[in-house]
Each structure stands twice: as C-alpha cells, then as structure tokens.
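# An overview of the molecular structure
Spelled out from the first residue to the last, the chains are:
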Amino acid sequence: MNTGTFSLQNYKIYANLLLVSKKRANFATAKPKIGHAGPDGVAIINFLNNNTASFFMATKIRLQRHGRKGYAYYPIVVADSRAPRDGRFIERIGSYNPNTNPATISLDFDRALYWVEVGAQPTDTVRSILSKEGVMLMKHLRGGVKKGAFNEEEAQRRFDAWKQARDKEANALQAKKDAKAAEDAKARFDAEAEKNRIKGEAVAKKKAEKLAAEEAAAKEAHEAEANAEEAPAAAE
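This structure is a prediction, so every number in the text was calculated from the model and none was measured.

Here the focus is the packing of helix H4 (residues 109-117) against helix H6 (residues 135-146). Packed helices, taken two at a time, are described by the angle their axes make and the gap between the axes. Where H4 contacts H6, the two axes come as close as 10 Å, and the packing angle between them is 55°. Compared by their axis directions, H4 and H6 come out oblique. Of the two elements, H4 crosses H6, and the hand of that crossing is right-handed. Note on element contacts: H6 touches H4 through Val135, Met136, Met138, Lys139 and Arg142, opposite Phe109, Ala112, Leu113, Val116 and Glu117. Partitioning the contact of H4 with H6 into residue classes produces 7 nonpolar, no polar and 3 charged.

Right, dumping it as structure tokens:
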C-alpha cells in the first residue's frame, strides 16, 4: 500500500477508532466504515507513528460550558478543533467549577498527560489548569527521561518535590485566608458590640432623662398642691 497517496483526512476516519478505544493495537483488526476504502490497520499504525504531531494538532483540550446562568461549570474535554465548543467530544478528562472558593478542579491526570504527550493542544485556560495540576511539568520531566537527561526515578522525585512545595504553599495560603476571615469576623463582632453599646447607652440616657422629667413634674405638682393648701390657711 502506498500510504503517500492516501490523504491525512481519510486516515483520521480510521484514527477515530483509536481515540475511542484508546488502544492503538485495535487498528490491526478495525474494519473501515462503509463507503471509505483505505489501507489496512498496519499501514494506519505506521502512518500515525510518522505523523502523530500533525494528526493531533487538530485535537484540542478545552472547556465545555454547562450549568445555568450565573452558575456555570465546565467539563474538561478532548475534542476536534473544528467541532462546536459545546458539541461532540472525544473524551472527558475532568471538570472545572469556578463557583467554589477556591475553584474545584477534578482531573484524570494520566489521561490528561497522555493527550498532551501525543500532541493535543490545550486552550490557554486549560493549559493553566494542567500546569497547576502538574501535567505540563510531568510532560517536561518525561521528555527529559526520553532524552537521557535523568532516569524515571529522578523525574518522579522532582515531581514529588514540586507537588509537596505546591501543597505547602497552598496550605499556607489557605491558612492565611482563614486567619484573615477570622480577623474580619472578629472585627465585625467588635463593631457590632460597640454599636450595641452606644445604642444601649443612648436608650439608657433617654430613659434616665424621661424618669428625671417625670420626677421633676411630680415634685412640681406636689409643691403646687402644698402651696394651694397653705393659701387658705394663711387667709384665715
């Protein structure tokens, strides 16, 4: 079979079988779709081995928008770059929920690593997520292993050290946020207590003034009554 005369587009028809099964070996026994003649499974495998980058360059790792207005969440999917943003996809590898604090990320690390290693292109937002989760670092480390710069044990040690530092930094940041929240809560409590104290003093002062006025009025009435009784006696 002369694979040079068979277009890349036609190879992608067969490659979809690989993307669904996730096993390249399945090409050896895969049957072509009706109406599409082409090379056998072995030729496809050879073609993909030589054209992996160009084939997967058309594959994107991106977010799909789900949920309702004001409360959207985003599955992380692998899809053909020509497919609609919220349309069909090849595989779902995680999710991103920005409605929590901090944002919640769920990711199948191994599948995400597989896709970036075969050349799937993440969008800027997904790249940021993958970097935060260490996928891009692991890809870089595994590339170093392939080049002979260090072995797999050293790559894993470096990754574990990075992960430990990341978790430590995240925990410190969370502790700082918790301390700030507690400080703000105390400040609000103290402000409310001071407000209640001032209000209480104002109420007490008003009551005292009212009581003093009532006592003064009663005293004045009593004096007036006494003067009225003394007047007839003086006249006699």
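Time to look at the layout of surface pockets. Volume-wise, the second largest pocket comes out at about 420 Å³. In terms of lining residues, the second largest pocket is bounded by Pro102, Ala103, Ile105, Lys132, Glu133, Arg166, Asp167, Glu169, Ala170, Leu173, Gln174 and Lys177. Those elements that place two or more of their residues in the lining of the second largest pocket are helix H5 (124-133) and helix H7 (152-235). Broken down by element, the residue count for the lining of the second largest pocket peaks at 7 residues, all from H7. Looking at the lining of the second largest pocket residue by residue, the class counts come to 5 nonpolar, 1 polar and 6 charged.

Take the packing of aromatic side chains next. With the rule as written, the count across this model stands at 4 aromatic pairs. Ring geometry for Phe159 against Trp162: centres 5.7 Å apart, planes inclined by 35°, an arrangement best described as tilted. Here Phe159 pairs with Trp162, and both are found in helix H7, just 3 residues apart, close to one helical turn. For Trp162, a relative accessible area of 27% gives the class partly exposed.

What follows is about the nonpolar core. Residues Ile61, Ile76, Ile93, Trp115, Val116 and Leu130 are the most contacted members of the largest nonpolar core, which totals 21 residues. For this core, the secondary structure elements donating two or more residues are strand S1 (59-63), strand S3 (71-80), H4, H5, H6 and H7. With near-sequence residues (within four places) excluded, Val116 lies in contact with Ile61, Leu130, Val135, Met136 and Lys139.

It is worth spelling out the pattern of salt bridges at this point. Per the counting criterion, the structure on display carries 10 salt bridges. The partner of Arg166 in a salt bridge is Asp167, with the nearest N and O atoms 3.1 Å apart. Its relative accessible area of 24% is what places Arg166 among the partly exposed residues. Judged by relative accessible area, which is 31%, Asp167 ranks as partly exposed. For Glu201, the salt bridge identified is with Arg197, shortest N-O distance 2.5 Å.

Procedures and definitions
Each chain carries its own residue numbering, running from 1 in the direction its sequence is written. In view of the model being predicted, local features appear only for residues whose pLDDT reaches at least 70, and side-chain atom pairs are presented and counted only at 80 or more, with totals across whole chains, interfaces and linings using the full set of residues. For the side-chain quantities, the full set of heavy atoms in the structure was used; hydrogens and water were omitted. Only the stretch in contact is used when a helix axis is fitted, and all axes are lines through C-alpha atoms; the angle between N-to-C directions ranges over 0 to 180 degrees. Here a helix means four or more residues in a row that DSSP labels H or I, a strand means two or more in a row labelled E, and each is numbered from the N terminus. Comment on the angle field: the value is read as roughly parallel under 35 degrees, roughly antiparallel over 145, roughly perpendicular from 65 to 115, and oblique elsewhere. Crossings are classed by handedness, with left-handed meaning an anticlockwise turn of the near helix from the far one by less than a right angle and right-handed meaning a clockwise turn. In what follows, a contact means two residues having at least one pair of non-hydrogen atoms within 4.5 Å. Residue polarity is assigned by list, with Asp, Glu, Lys and Arg as charged and Ala, Val, Leu, Ile, Met, Phe, Trp, Tyr, Cys and Pro as nonpolar; anything else, Gly included, falls into the polar class. In this analysis the probe radius is 1.4 Å and the grid spacing 1 Å, with only protein atoms considered; a cavity is a set of points the probe fits into but cannot get out of, a pocket is an open set with protein on both sides within 12 Å along at least five of seven lines, and lining residues have an atom within 4 Å of a point. Grid points are joined across faces, edges and corners, and a volume is the space filled by probe spheres set on the points. Aromatic rings from Phe, Tyr and Trp, taking only the six-membered ring of Trp, are treated as a pair when their centres fall within 6.5 Å; an angle between ring planes under 30 degrees marks them as stacked, one over 60 as edge-to-face, and anything in between as tilted. Working definition: with a 1.4 Å probe on protein chains only, accessible area under 20% of the residue-type maximum means buried, over 50% means exposed, and in between means partly exposed. In plain words, nonpolar cores are sets of buried Ala, Val, Leu, Ile, Met, Phe, Trp, Tyr and Cys residues tied together by side-chain atoms within 4.5 Å. Salt bridges are counted wherever a side-chain nitrogen of Lys or Arg sits within 4 Å of a carboxyl oxygen of Asp or Glu.

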